[in-house]
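Observations on the three-dimensional arrangement
One-letter residues, chain by chain:
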Amino acid sequence: MNDDMPWVNLTQEEVNDLRNKKFELTEYGKQRLREMMTHEEMLEEAERRERGNRVLERYNRFYNAEVSGLTWGTHITPEFQQAMTLECMLDALRCENLNHEFDVIQTADIKALIEALYQQGKDYLNRVEEFKDSADGVV
């Protein structure tokens with residue numbers, strides 16, 4: 001019986017085997033996708049990722065200056081914080097589109113920023129977990 005999911009009635013060895021197969025299939029899928037993409041598509045994908053990283057970097061800079069940089073004890077409501085956060089998003093997207101007519105924000109840009117923020121949060125939690133595990137191992 002495994003410790004992770006006792007209700008599935010698999011041994012720990014069977015669970016580990018399934019995890020390894022999942023990793024292998026994921027890697028296989030990534031490789032096939034790379035093979036199927038043309039050079040032009042690869043460049044477009046790289047450009048899209050680079051753009052997303054720039055927008056996230058700008059957002060973090062604006063957020064840190066405008067919201068996180070508030071002095072302790074500043075009287076601010078959650079609504080003000082939310083409004084300032086949305087302004088940070090708009091500022092980051094405005095900077096990215098500086099050389100273009102800017103009347104409308106593409107939903108895809110907002111979604112990409114949201115996804116990048118979620119990933120940033122997951123990466124942070126993973127680093128905290130790794131640090132915690134290493135600290136637990138030292139004690």
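Whatever comes next refers back to the structure up there.
Since this is a predicted model, take the numbers as computed values, not measurements. (Residues numbered from 1 in each chain as written. Predicted model: local features only at pLDDT ≥ 70, side-chain atom pairs only at ≥ 80, totals over all residues. Heavy atoms only, no water.)

1. Examining the overall build of the chain
Rules: Here a strand is any run of E in DSSP of at least two residues, a helix any run of H or I of at least four, and the numbering for each starts at the N terminus. Burial classification: accessible surface area is computed with a 1.4 Å probe over protein chains only, and a residue below 20% of its type maximum counts as buried, one above 50% as exposed, and the rest as partly exposed. Contact between two residues is taken to exist if any of their heavy atoms lie within 4.5 Å; hydrogens are not considered. Accessible surface is estimated by sampling points in the Shrake-Rupley manner with a 1.4 Å probe; for residues, cover comes only from the protein chains shown.
Helix and strand counts for the chain come out as four helices and zero strands. Along the chain, helices (α) and strands (β) appear in the sequence α-α-α-α when read from the amino end. Here the chain holds 139 residues, and the buried ones make up 12% of them. Considering only intrachain contacts with a sequence separation of at least 6, the fraction spanning at least 24 residues in the chain is 48%. Taken as a whole, the chain presents about 11,800 Å² of accessible surface, with 55% of it coming from carbon and sulfur.

2. Focus: the environment of Arg 48
Note the threshold: Identification of polar contacts relies on pairs of N or O atoms within 3.5 Å, with a donor-acceptor requirement for protein atoms, meaning one able to donate a hydrogen and the other able to accept it, and with residues adjacent in sequence counted only if both atoms are side-chain atoms.
When you line up the elements, Arg 48 lands in helix H2 (residues 39-68). As for Arg 48 and Ala 112, which are separated by 64 residues in sequence, their C-alpha atoms are 9.6 Å apart. At 2.6 Å, the side chain of Arg 48 forms a polar contact with the side chain of Glu 45.

3. Quick look at the nonpolar core
We count it as follows: Residues belong to a common nonpolar core when they are buried Ala, Val, Leu, Ile, Met, Phe, Trp, Tyr or Cys residues joined through side-chain atoms within 4.5 Å.
Among the nonpolar cores identified, the biggest contains eleven residues, and these are Val 55, Leu 56, Tyr 59, Val 67, Met 84, Cys 88, Met 89, Ala 92, Leu 93, Leu 113 and Ala 116. Residue assignment for this core shows that the elements contributing at least two residues are H2, helix H3 (78-96) and helix H4 (107-138). The greatest single-element share of this core, amounting to five residues, is contributed by H3. Beyond its immediate stretch of four places on either side in the chain, Met 84 contacts Glu 66, Val 67, Leu 70 and Ile 76.

4. Some points on the packing of H2 against H3
Filter applied, for reference: Axes here mean lines fitted to C-alpha atoms, for a helix over just the part in contact, with angles spanning 0 to 180 degrees between N-to-C directions. Roughly parallel refers to an angle under 35 degrees, roughly antiparallel to one over 145, roughly perpendicular to one between 65 and 115, and oblique to any angle outside these ranges. In this scheme the crossing of two helices becomes right-handed for a clockwise turn of the near helix relative to the far one and left-handed for an anticlockwise turn of less than a right angle. Residue polarity follows a fixed list, in which Ala, Val, Leu, Ile, Met, Phe, Trp, Tyr, Cys and Pro are nonpolar, Asp, Glu, Lys and Arg are charged, and the others, Gly among them, are polar.
Contact pair H2 / H3: the axes reach a minimum separation of 8 Å and the direction vectors enclose 140 degrees. Classified by the interaxial angle, the pair formed by H2 and H3 is oblique. Here H2 and H3 pass one another in a crossing that is right-handed. Between H2 and H3, the residues in contact are Arg 51, Arg 54, Val 55, Arg 58, Tyr 59, Phe 62, Tyr 63, Glu 66 and Val 67 and Gln 81, Met 84, Thr 85, Cys 88, Met 89, Asp 91, Ala 92, Leu 93, Cys 95 and Glu 96, respectively. Grouping the amino acids of the contact of H2 with H3 by side-chain chemistry returns eleven nonpolar, two polar and six charged.

5. Some points on the side chain of Glu 96
Relative to the assigned elements, Glu 96 resides in helix H3. At a separation of 2.4 Å, a polar atom in the side chain of Glu 96 contacts the side chain of Arg 54. When sequence neighbours within four positions are dropped, the list of residues in contact with Glu 96 reads Arg 51, Arg 54, Val 55 and Arg 58.

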